[in-house]
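Spelled out, the chains give:
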There are 2 protein chains.
Amino acid sequence: MRVTINDIARAANVAKSTVSKVLNDSPTISEATKEKVRAIMLEMNYEPSSFATRLAKQKCYNIGLIIDLSRKSDFLNYSFYDIIGGVESVIGPLDYELTICNIEHIGRDRFVSRFVLGRKVDGIILDNSILTPMLAQELNERSFPYIVIGELPGVRPLRWVDIDNRSGAAILTQHLLAQGYRNPAFIGGEECDPLFGARVAGFRDALPHTSLPPVLPGYSNEANGRRLTCELLSLSQAPDSIVCMSNLVAFGALQELGERGISIPENIGIATFDNRPLAPYTTPPLTCLDMDTFALGAAAGDMLMAQINEPNAIQAEEHRWVEPKLVVRQSTALMKGID
Amino acid sequence: MRVTINDIARAANVAKSTVSKVLNDSPTISEATKEKVRAIMLEMNYEPSSFATRLAKQKCYNIGLIIDLSRKSDFLNYSFYDIIGGVESVIGPLDYELTICNIEHIGRDRFVSRFVLGRKVDGIILDNSILTPMLAQELNERSFPYIVIGELPGVRPLRWVDIDNRSGAAILTQHLLAQGYRNPAFIGGEECDPLFGARVAGFRDALPHTSLPPVLPGYSNEANGRRLTCELLSLSQAPDSIVCMSNLVAFGALQELGERGISIPENIGIATFDNRPLAPYTTPPLTCLDMDTFALGAAAGDMLMAQINEPNAIQAEEHRWVEPKLVVRQSTALMKGID
DNA sequence: TTGAAAGCGGTACCAA
DNA sequence: TTGGTACCGCTTTCAA
């Protein structure tokens with residue numbers, strides 16, 4: 001049988017409540033007693049049962065990361081480890097744990113009851129693809145702490161973190177202009193996706209308001225990168241540079257342009273979102289916007305801990321942006337001779 | 001205040017123990033009572049407290065995935081989501097949860113006491129980079145269920161799952177031979193890494209025992225891919241094909257060969273381990289061995305659940321291999337004309 | 001078939 | 001500064 005608080009109390013010849021106070025480093029216990037009890041704990045290899053503690057304290061020291069594992073996406077595949085690392089880097093030192101909650105089997109509706117009513121976690125972090133307005137309302141009504149990863153306009157009060165895609169898109173576009181490109185186009189991304197909206201907005205921010213740059217949406221894969229590039233080339237005024245929604249779109253564009261003998265960066269400059277998985281390894285390597293997904297996770301963890309510890313702040317709306325970083329590579333090096 | 005088993009008992013006019021039995025679908029309770037109590041549970045939105053249950057049952061329904069988040073590796077970045085998905089796919093339906101345990105802050109030594117003695121988890125899954133012989137011994141002594149991801153010869157009794165790298169390497173090499181290549185070489189990987197040993201062994205398995213193929217180790221990055229390729233080319237009998245330890249090594253090789261005007265697959269064939277992140281997107285696309293990391297996680301989860309539920313089987317050694325899949329692409333398509 | 005009561009391993013209040 | 005004791009919410013044994 002494992003050693004419990006009672007064993008320690010008996011061995012130390014003190015009351016169980018005294019042992020408990022030693023565990024919590026209560027100031028009402030003398031140093032002498034503390035030392036004695038601690039020595040015995042060490043000797044007996046005692047470790048308090050987390051369940052008993054949590055039950056008694058009515059607190060879980062556990063936060064849930066809600067995901068839908070049935071969803072496969074490049075973003076998740078390439079950033080999940082970093083996001084978890086970021087979350088853990090802030091909650092771990094505070095002695096909180098991270099539980100992965102897959103809603104795939106449970107279903108979106110029953111999951112609130114499972115995790116929120118079941119008090120398995122003190123707070124949750126979830127994706128904007130998982131949070132429905134109804135779910136948000138339910139969580140809000142219960143004043144249950146939660147942070148959304150990914151902007152979600154229209155549902156409030158809401159606390160979310162996101163990569164600042166709009167500002168990032170502007171940075172990327174400004175870089176193209178600074179390199180001497182004059183007519184950037186934007187390709188890839190689905191119109192219904194808020195990500196697309198934010199990035200196109202940033203793209204437009206960086207351009208003169210009078211200009212009407214080509215923006216061609218399409219599911220972000222290699223084939224569409226090629227197809228949309230073809231479309232761009234057939235325009236009466238073909239662009240001299242392209243901002244791509246993803247690495248795969250950019251890869252498709254590179255392929256298409258390569259086959260047509262159009263050289264990059266001389267004839268057309270290419271910039272793309274995300275450094276992973278391909279940007280450093282294409283020919284030529286792609287100028288891109290590197291997304292700090294570790295920071296994203298850390299920000300989410302930080303906001304969540306703040307909410308858990310100051311429950312009155314829970315009703316306040318809070319958004320936090322993580323700024324992406326421009327990584328300049330050869331695909332936009334129009335001015336490399338001048339430099 | 002939240003609704004507890006007492007509230008339900010009161011509302012249903014039965015004893016608390018009766019409610020408990022309904023929760024556990026005990027056969028000693030009449031259907032009528034069950035239905036009545038269940039209806040009230042539903043009505044009152046009751047969800048049992050998992051901590052109370054776990055404390056009373058002395059069981060956690062929780063398994064720990066031990067990782068060292070301070071480690072950054074491509075493999076983890078690209079496969080972590082899949083591994084978690086695999087583990088969850090088997091433990092989730094059994095109502096187990098997955099807790100991420102980062103040993104970065106805790107330290108390798110204290111972590112046993114934290115998770116094992118602290119009874120936070122019923123079993124753990126960890127990496128062969130985390131399991132030390134001492135730790136293994138400690139876990140074995142306590143008969144604590146654990147599964148290692150990644151082969152770890154020399155420590156026993158031990159239960160682990162791994163990708164069958166040796167057989168995979170042989171498959172990859174046999175493919176080269178079947179395509180008509182005669183002198184494969186192996187580059188990349190560190191000699192101290194068991195992964196390197198397994199893959200080189202498989203590489204040799206596929207070749208005539210009399211042959212002494214070039215095997216050049218080196219940390220697996222792009223620069224070494226280039227450097228080792230140069231070395232290969234300067235050999236008196238230069239190889240006609242290369243098995244690469246990783247995508248980055250292969251990428252380096254492609255770069256080097258490309259710059260020298262050596263054409264692939266005609267002059268030299270290239271095959272590599274891992275489909276991620278680059279293999280489909282290089283020029284030419286790389287023939288590779290695709291590692292099913294979801295299956296790896298699922299196998300680990302499966303073995304762990306078996307151990308938890310049959311504690312007497314815990315002393316038995318068990319290894320499970322996940323077979324990698326050959327993905328043929330252009331980089332080894334020597335026979336494409338013939339085909 | 002149901003109920004009463006004693007745990008599970010802690011916390012926390014109040015009295016000593 | 002310490003001890004006694006009533007919980008936290010559920011399970012389980014034993015009696016009714």
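Just so you know, the residues in each chain are numbered from 1, in the order the chain's sequence is written. For naming, the first written chain is A and the first written ligand is 1, with later ones following in the order written. With the structure being a predicted model, the display of local features is reserved for residues of pLDDT at least 70 and the display and counting of side-chain atom pairs for 80 or more, all residues being used for whole-chain, interface and lining totals. Remark: hydrogens and water are excluded; side-chain values derive from all non-hydrogen atoms of the structure.

**Examining the interface of chain B and chain A**
By convention, interface size is frequently given as the accessible area that disappears when the constituent parts associate. Contact between two residues is taken to exist if any of their heavy atoms lie within 4.5 Å; hydrogens are not considered. Of the residues lining the interface, 52 residues belong to chain B; the matching set on chain A comes to 52 residues. Defined here as a combined quantity, buried area equals the accessible surface (1.4 Å probe) lost by two parts on assembly, summed across both. Its largest share of buried area at the contact with chain A, chain B owes to Phe51, Tyr81 and Tyr281 of chain B, together 19% of the area lost on that side. The salt bridge criterion pairs a side-chain nitrogen of Lys or Arg with a carboxyl oxygen of Asp or Glu, the two atoms within 4 Å. Where chain B meets chain A, there are two salt bridges. Polar contacts, as used here, are pairs of N or O atoms within 3.5 Å; protein pairs need one atom able to donate a hydrogen and one able to accept it. Residues neighboring in sequence count only if both atoms are side-chain atoms. At the boundary of chain B with chain A, the tally comes to ten residue pairs in polar contact (both at pLDDT 80 or more). Contributions of two or more residues to the side of chain B that touches chain A are made by helix H4 (50-57), helix H5 (74-91), strand E2 (97-102), helix H7 (110-117) and helix H12 (247-259) of chain B. Charged means Asp, Glu, Lys or Arg here, nonpolar means Ala, Val, Leu, Ile, Met, Phe, Trp, Tyr, Cys or Pro, and polar covers whatever is left, Gly included. Class assignment of the residues belonging to the side of chain B that touches chain A gives a composition of 23 nonpolar, 13 polar and 16 charged. Relative to E2 of chain B, strand E2 (residues 97-102) of chain A runs antiparallel, the two sharing three bridges. Along E2 of chain B, the bridge assignment pairs Leu98 of chain A with Ile100 of chain B. Helix numbering and strand numbering both begin at the N terminus, where a helix is a DSSP run of H or I of at least 4 residues and a strand a DSSP run of E of at least 2. Only strands joined by at least two bridges in the DSSP assignment are considered to pair.

**A word on the environment of Asp290 of chain A**
Residue and element names in this part refer to chain A. Counting through the fold element by element, Asp290 comes out in strand E10 (residues 287-290). Given a relative accessible area of 24%, Asp290 falls into the partly exposed group. Along the chain, Asp290 and Gly301 lie eleven residues apart, while their C-alpha atoms are 21 Å from each other. Dropping the residues within four chain positions of it, Asp290 is found in contact with Asn275, Pro324, Lys325 and Val327. Partly exposed residues are those whose accessible area sits between 20% and 50% of the maximum for their type, while under 20% is buried and over 50% is exposed, using a 1.4 Å probe and protein chains only.

**Quick look at the relation of the copies chain B and chain A**
Between chain B and chain A, the superposition needs a rotation of 180 degrees and an axial shift of 0.1 Å, giving an RMSD of 0.1 Å. Such a combination of turn and shift is consistent with a two-fold rotation axis. Identified as the residue of chain B closest to the rotation axis by C-alpha distance is Thr99 of chain B, at 2.1 Å. The share of interface residues of chain B whose copies in chain A are also at the interface is 100%, consistent with both copies meeting through the same surface. Copy-to-copy superposition: least squares on the C-alpha atoms, limited to residues that have pLDDT of at least 70 in both copies.

**So, the UniProt feature "domain: HTH lacI-type" (unreviewed entry) in chain A**
UniProt positions are given in the numbering used here, feature names are shortened, and annotations may be inferred rather than shown by experiment. Per the UniProt record, "domain: HTH lacI-type" (unreviewed entry) is found at residues 3-57 of chain A. Split by type, residues 3-57 of chain A is 67% helix and 0% strand. Its first and last C-alpha atoms lie 20 Å apart.

**Focus on the domain arrangement of chain A**
Residues and elements named next belong to chain A. Here the bounds of each domain stem from an automatic or database domain assignment. Domain annotation for chain A reports domain 1 (5-39 + 58-163 + 296-322) and domain 2 (165-291 + 326-332). For domain 1 and domain 2, the distance between their C-alpha centres works out to 38 Å. Counting residues at the interface gives six residues for domain 1, matched by five residues for domain 2. Regarding the contact of domain 1 and domain 2, the summed buried area is about 620 Å², with carbon and sulfur atoms giving 57% of it. Linking domain 1 with domain 2 are one salt bridge. When the shortest N-O distance is used, the salt bridge between Arg276 and Asp82 registers 2.9 Å.

**Looking at the protein's contact with DNA strand C**
Neighbouring residues are identified by heavy atoms, a residue being near a molecule or strand if any of them is within 4 Å of it. Around DNA strand C there are 31 residues in total, and Ile5 and Ser20 of chain A together with Thr18, Lys21 and Thr33 of chain B lie nearest to it. Within 4 Å of the protein, the contacting atoms of DNA strand C are 58% sugar and phosphate, with bases supplying the remainder. Here a phosphate oxygen of DNA strand C and a side-chain polar atom of Thr18 of chain B are 2.6 Å apart. When residues of the surface near DNA strand C are traced back to their parent elements, those giving at least two are helix H2 (16-23) and helix H4 (50-57) of chain A together with helix H2 (16-23) and H4 of chain B. Residue classes in the surface near DNA strand C are distributed as 13 nonpolar, 13 polar and five charged.

**Details of the pairing of E10 of chain A**
All names here are of chain A. The pairing of strand E9 (residues 269-273) with E10 spans three bridges and is parallel. The residue bridging Thr272 from the neighbouring strand is Cys288, located in E10. Here E10 runs beside strand E12 (residues 325-327); their pairing, made up of three bridges, is antiparallel. Bridging across to E12, Cys288 finds its partner in Val327.

**What to know about helix H11 (residues 222-233) of chain A**
Residue and element names in this part refer to chain A. With twelve residues, H11 extends 17 Å between its outermost C-alpha atoms, agreeing within 8% with the 16 Å of an ideal straight helix rising 1.5 Å per residue. Residues of H11 that are buried: Asn224, Gly225, Leu228, Thr229 and Leu232. Taken end-on, H11 shows its buried residues confined to a sector of 135 degrees, consistent with a single buried face. Contacts made by the buried residues of H11 are with strand E6 (184-187), strand E7 (215-216), strand E8 (241-244) and helix H12 (247-259). An expected span of 1.5 Å times one less than the residue number is assigned to each helix. Think of the arc as the fan of directions from the helix axis to the C-beta atoms.

**A look at the protein's contact with DNA strand D**
Around DNA strand D sit 30 residues in total, of which Lys21 and Thr33 of chain A together with Ile5, Lys16 and Ser20 of chain B are the nearest. Restricting the count to atoms of DNA strand D within 4 Å of the protein gives a sugar and phosphate share of 60%. Within the side chain of Lys21 of chain A, a nitrogen or oxygen atom sits 2.6 Å from a base oxygen of DNA strand D. Between DNA strand D and Ile5 of chain B there is a distance of 2.4 Å, counted from a phosphate oxygen to a backbone nitrogen or oxygen. Those elements that place two or more of their residues in the surface near DNA strand D are H2 and H4 of chain A together with H2 and H4 of chain B. Top element by residues in the surface near DNA strand D is H2 of chain B. It accounts for five residues. Of the residues that constitute the surface near DNA strand D, the class distribution is 13 nonpolar, 13 polar and four charged.

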